[in-house]
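So the chains spell out like this:
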Amino acid sequence: MSSKIAQIWPEVAPVESFIDFVNVGKTFRTRTGDIPAICDISLSIPKNQFVAIVGPSGCGKSTLLKMLAGLLTVTSGRIDLHTGGRDPLPNVGMVFQRPALLPWRDVLSNILLPTQIAKLERPVAVKRAMALLKLVGLAEFARKYPNELSGGMQMRVALCRALICEPTLLLMDEPFGALDAMTREELSIELLKIWQHQPKTVLFVTHSISEAILLADRVVVMSARPGRVIQTVDIDISRPRDFSDVHSAAFKDYSSLIRELIGTRH
């Protein structure tokens, strides 16, 4: 395996770092005792990079995202967000494993929900929402309800909802995991197009090694619980990418390396 493919991020955060995890740990307290979920994670993420996180089930991938989003507290260490002296927290969008659309709201109203919380002017919000729907090919479905949409269409709506307030940070927790293979591939390409059209920092949790390599600039490989970072791998495949890249020698080398790392006991 070439040293290029096995490249490891330096421990010292680069100047352009946007997010720093510094010796972060998370322990859940239960009736039967403490359960360490992740341990001593240090990781630097530059602005506007697409970072995928892979690892065995239960290794703390989702926990990492939830701590970054403020949905869970950090037990030890800290998470630093470098916003250039502006807001103390970045504007965050999050897409979960399920679309979680409100069944009594139509597509447009579901997308507009975060703008109502943020008190964005409605004409501006509607214009953004319709532009996003056009981008994902759902402009004609603005007045449909969630039960009138396929699973893939619902996930597209959830993605639009996460993007409506123009977040600088997008957190995605296995958003395509429940979809069939063809729909999953379609949405992966849609996501790449959106990210290239509207650059932002993305953390994307997935169980799919191929999906991680296709989408990401860097892949973070985590160990079994308690989750630690085994290695981060730079993906040096030119953009724009599509599914023809999965047949390249470089793609196969990355896949073999990451698969080997996940199978390693640490």
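An account of the accompanying structure is given in this report. (Residues numbered from 1 in each chain as written. Predicted model: local features only at pLDDT ≥ 70, side-chain atom pairs only at ≥ 80, totals over all residues. Heavy atoms only, no water.)

1. A look at helix α3 (residues 122–135)
Okay, so step 1: With 14 residues, α3 extends 20 Å between its outermost C-alpha atoms, agreeing within 8% with the 20 Å of an ideal straight helix rising 1.5 Å per residue.
Okay, so step 2: Those residues of α3 not exposed but buried are A125, A129, L132 and L133. Along the long axis of α3, the arc covered by the buried residues comes to 100°, so they all point the same way. Turned more than 90 degrees off the buried face of α3, the exposed positions are P123, K127 and K134.
Okay, so step 3: On its buried face, α3 sits against α2 (107–117) and α4 (151–163).
Okay, so step 4: Once α3 ends, the next one or two residues include G137, with phi positive near 75°. (Helix = DSSP H or I, 4+ residues; strand = E, 2+ residues; numbered from the N terminus. Expected span 1.5 Å × (residues − 1). Buried < 20%, exposed > 50% of the residue type's maximum accessible area, 1.4 Å probe, protein only. Arc of directions from axis to C-beta. Contact = heavy atoms within 4.5 Å.)

2. Here we look at the sheet that holds strand β4 (residues 76–81)
Okay, so step 1: Ordered by their spatial adjacency, 3 strands build an open sheet running β2-β1-β4, and the pairing between neighbours is antiparallel. The open sheet has two edge strands, β2 (33–46) and β4, and neither has a second partner. Neighbour-to-neighbour, the strand axes of this sheet turn through a mean angle of 20°, independent of strand direction.
Okay, so step 2: Sheet analysis places strand β1 (residues 17–30) next to β2, joined by 10 bridges and oriented antiparallel. Paired with T30 across the two strands is G33, which belongs to β2.
Okay, so step 3: Across the face of the sheet, helix α1 (residues 61–69) comes into contact with β1, β2 and β4 while running at roughly 110° to β1. (Pairing = 2+ DSSP bridges. Axes fitted to C-alpha atoms, helices over the stretch in contact; angles between N-to-C directions.)

3. Here's the deal with the packing of α4 against helix α5 (residues 181–197)
Okay, so step 1: Two elements in contact, α4 and α5, have axes separated by 10 Å at closest approach and are oriented at 20°. One element, α4, and the other, α5, form an angle in the roughly parallel class. Here α4 runs over α5; the crossing is right-handed. Facing α4, whose interface residues are G152, M155, R156, L159 and L163, α5 presents T183, E186, L187, E190, L191 and I194.
Okay, so step 2: Classifying every residue of the contact of α4 with α5 by side-chain character gives 6 nonpolar, 2 polar and 3 charged. (Parallel < 35°, antiparallel > 145°, perpendicular 65-115°, else oblique. Left-handed = near helix turned anticlockwise from the far one by under 90°. Nonpolar A, V, L, I, M, F, W, Y, C, P; charged D, E, K, R; others polar.)

4. A look at the sheet that holds strand β6 (residues 169–173)
Okay, so step 1: Taking strand neighbours across the sheet as the criterion, the 6 strands line up as β5-β6-β7-β3-β8-β9 in an open arrangement whose pairing is mixed. Unpaired on one side and paired on the other, β5 (92–95) and β9 (229–234) mark the two borders of the sheet. Strand-to-strand, the axes of this sheet are offset by a mean angle of 15°, without reference to chain direction.
Okay, so step 2: Pairing of strand β3 (residues 50–54) with strand β7 (residues 201–205), which is carried by 4 bridges, proceeds in the parallel orientation. The partner of F50 across the bridge, within β7, is V202.
Okay, so step 3: With respect to the sheet, α4 is in contact with β5 and β6, its orientation differing from that of β5 by roughly 165°.

5. Topic: the environment of C160
Okay, so step 1: The topology assignment puts C160 in helix α4.
Okay, so step 2: Counting along the chain gives 95 residues from C160 to L65, while the straight-line C-alpha distance between them is 19 Å.
Okay, so step 3: When residues no more than four places from it in sequence are discounted, the contact partners of C160 are I111, L132, L133 and V136.

6. As for helix α7 (residues 249–262)
Okay, so step 1: Its 14 residues give α7 an end-to-end C-alpha distance of 20 Å, which sits within 8% of 20 Å, the value for a rise of 1.5 Å per residue.
Okay, so step 2: All of the buried residues along α7 are F251, Y254, S255, L257, I258 and L261. Axial view of α7: buried residues confined to an arc of 165°, hence all on one face. Along α7, the residues that are exposed and aim more than 90 degrees away from the buried face are A249, R259 and E260.
Okay, so step 3: Buried-residue contacts for α7 involve β3, α6 (209–215), β8 (218–222) and β9.

7. Structural notes on the layout of surface pockets
Okay, so step 1: By volume, the largest pocket amounts to about 500 Å³.
Okay, so step 2: Lining the largest pocket are 25 residues, and of these N91, V92, G93, M94 and P114 sit closest to its centre.
Okay, so step 3: Sorting the residues of the lining of the largest pocket by element identifies α1, β5, α2 and α4 as the ones contributing at least two each. (1 Å grid on protein atoms, 1.4 Å probe; cavity = no way out; pocket = protein on both sides within 12 Å on 5 of 7 lines; lining within 4 Å. Points joined across faces, edges and corners; volume = space filled by probe spheres on them.)

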